[in-house]
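# Survey of secondary and tertiary structure
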Amino acid sequence: MARYLDCKEKGEVRIFEDTDELATDLADYVADLSELAVKEKGTFAIALSGGSLIGLMSKLCEAPYDKTVDWGKWHVFWADERVVAKTHPESNYRLAKEGLLSKVPVVPGHLHSINDSLSAEEAADDYKFAVRQLVRTRIVSVSDTSDCPKFDLVLLGLGSDGHVASLFPNHPALDEKDEWVSYLTDSPEPPPERITFTLPVINAAANVAVVATGAGKAKAVHLAVDGPSQTDNFQQPPPARMIQPALGRLVWFLDTSAASKLDSYEVTSE
Ligand SMILES: O=C(O)[C@H](O)[C@@H](O)[C@H](O)[C@H](O)COP(=O)(O)O
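Worth saying up front: this structure is predicted, and the values here are computed from it rather than measured. The residue count restarts for each chain, going from 1 along the sequence in the order it is written. Thresholds applied to this predicted model are a pLDDT of at least 70 for local features of residues and 80 or more for the giving and counting of side-chain atom pairs; totals over whole chains, interfaces and linings are not thresholded and use all residues.

Helix and strand assignments come from DSSP, with helices taken as H or I runs of at least 4 residues and strands as E runs of at least 2, each series counted from the N terminus. Tallying secondary structure elements over the protein chain gives eight helices and 14 strands in all. All radius of gyration figures rest on C-alpha atoms, and the globule criterion is 2.2 Å times the number of residues raised to 0.38. Taken over C-alpha atoms, the radius of gyration comes to 17 Å for the protein chain, in line with the 18 Å a tight globule of 270 residues would show. Principal axes of the C-alpha set define a box for the protein chain whose edges measure 45 × 45 × 40 Å. Exposed residues have 12 or fewer other C-beta atoms within 10 Å of their own C-beta, buried residues have 20 or more, and partly exposed residues fall in between, where C-beta atoms are placed from the backbone. Taken over 270 residues, the protein chain has a buried fraction of 44%. In the protein chain, 75% of the contacts between residues at least 6 apart in sequence involve partners at least 24 apart. The contact criterion used is a C-beta to C-beta distance within 7 Å, with each C-beta placed from the backbone.

Taking 1.5 Å of rise per residue, 23 residues should cover 33 Å, and helix H1 (residues 19-41) covers 32 Å from first to last C-alpha, within 8% of that figure. Residues of H1 that are buried include every one of Leu22, Ala23, Leu26, Ala27, Val30, Ser34 and Ala37, and no others. Expected span of a helix, by definition, is 1.5 Å for each gap between consecutive residues, and there is one gap fewer than residues.

Here we come to the environment of Val107. One can find Val107 in the loop between helix H4 (92-99) and strand E6 (111-112). In this structure the C-alpha to C-alpha distance between Val107 and Gly72, which are 35 residues apart in sequence, comes to 5.8 Å.

So, about the environment of Asp178. Assignment of secondary structure puts Asp178 in the loop between strand E9 (153-157) and strand E10 (181-184). Along the chain, Asp178 and Ala120 lie 58 residues apart, while their C-alpha atoms are 18 Å from each other.

What follows covers the pairing of strand E13 (residues 249-255). Along E13, five of the seven residues are buried, which leaves the element largely enclosed by surrounding structure. Note: two strands are recorded as paired if DSSP finds a minimum of 2 bridges between them. With five bridges connecting them, strand E2 (residues 12-16) and E13 associate as parallel partners. In the sheet register, Glu12 faces E13, and the bridge partner there is Val251. Pairing between strand E12 (residues 207-212) and E13: six bridges, direction parallel.

UniProt positions are given in the numbering used here, feature names are shortened, and annotations may be inferred rather than shown by experiment. UniProt tags residues 17-252 as "domain: Glucosamine/galactosamine-6-phosphate isomerase" (unreviewed entry). For residues 17-252, the helix share is 29%, the strand share is 18%, and the end-to-end C-alpha distance is 14 Å.

The next thing to look at is the environment of Glu98. Assignment of secondary structure puts Glu98 in helix H4. Residue Glu98 is classed as exposed on the basis of its 12 C-beta neighbours within 10 Å. Spatially, the C-alpha atoms of Glu98 and Ile54 are 9.4 Å apart, while their sequence positions differ by 44 residues.

With respect to topology, three strands assemble into an open sheet ordered E5-E11-E10, the strand pairing being antiparallel. Looking at strand neighbours, the two that pair on one side only are strand E5 (80-82) and E10, the edges of this open sheet. Averaged over all adjacent pairs, the angle separating strand axes in this sheet is 15°, with direction ignored. Here E10 pairs with strand E11 (residues 194-197) via four bridges, running antiparallel. Note on E11: the bridge partner recorded for Val181 is Phe197. Lines fitted to C-alpha atoms define the axes, with helix axes restricted to the stretch in contact, and inter-axis angles between N-to-C directions lie between 0 and 180 degrees. Packing against the sheet, helix H5 (residues 120-136) makes contact with E10 and E11, and its axis sits at approximately 165° to E10.

And the structure:
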């Protein structure tokens with residue numbers, strides 16, 4: 001049985017007994033947001049990360065979602081991408097294509113992946129330009145509080161070091177205030193060259209979900225949701241703690257292992 005916790009400004013925390021239950025609820029959540037966005041504005045602009053998240057989205061390829069979701073209205077972006085060829089085993093595009101997008105009727109022209117023939121710096125600029133065009137044409141909404149794009153949903157995994165997208169602890173990309181897309185040539189995790197949406201873009205989204213499973217994520221989940229204590233002695237809060245949608249809604253999808261180090265919160269429903 002899932003437990004839903006309301007963690008004040010850190011959003012809603014959903015805790016599931018196992019990954020199968022989590023995947024079912026995640027599919028429902030994405031399908032509901034897709035339906036709402038399509039009804040309101042005719043498109044659903046979703047940004048994906050890499051890692052285990054894509055496997056956890058696999059129920060979207062199954063009944064009823066394979067038929068009920070309006071896949072033709074989806075526009076898919078990458079919250080972060082490794083600057084490698086699209087056929088490379090480390091490509092987030094390839095991961096999402098093979099695990100999800102090739103199994104549902106999305107429009108190939110609606111998959112907004114990076115230009116992998118460019119350097120990381122050029123690819124970040126090029127991606128920002130591409131997103132800007134889609135904001136101009138209203139495929140992606142614009143934030144009510146800044147000039148940032150307002151994605152309908154940004155889906156993030158969580159690293160055990162607290163990174164989200166390719167925003168790593170103490171990396172200068174975390175401090176970016178103006179650019180929509182940053183680049184890295186020194187990612188602490190391979191491959192070194194990546195591009196990533198910046199915090200202002202992630203925090204401008206209408207919905208942000210962070211998905212984490214396994215005991216290896218428990219400490220990072222605790223630091224992100226409960227916050228570091230003084231003895232943790234961080235120069236800067238962990239990146240996941242800096243996910244604070246300005247007007248949007250933040251939801252954490254956790255299994256019991258990933259949630260195991262959370263402080264206790266009042267259970268609001270079952
Ligand atoms: O491209 C990337 O490296 C990812 O976008 C990254 O942010 C990922 O989501 C986390 O590292 C969690 O990955 P796991 O869920 O596989 O641990």
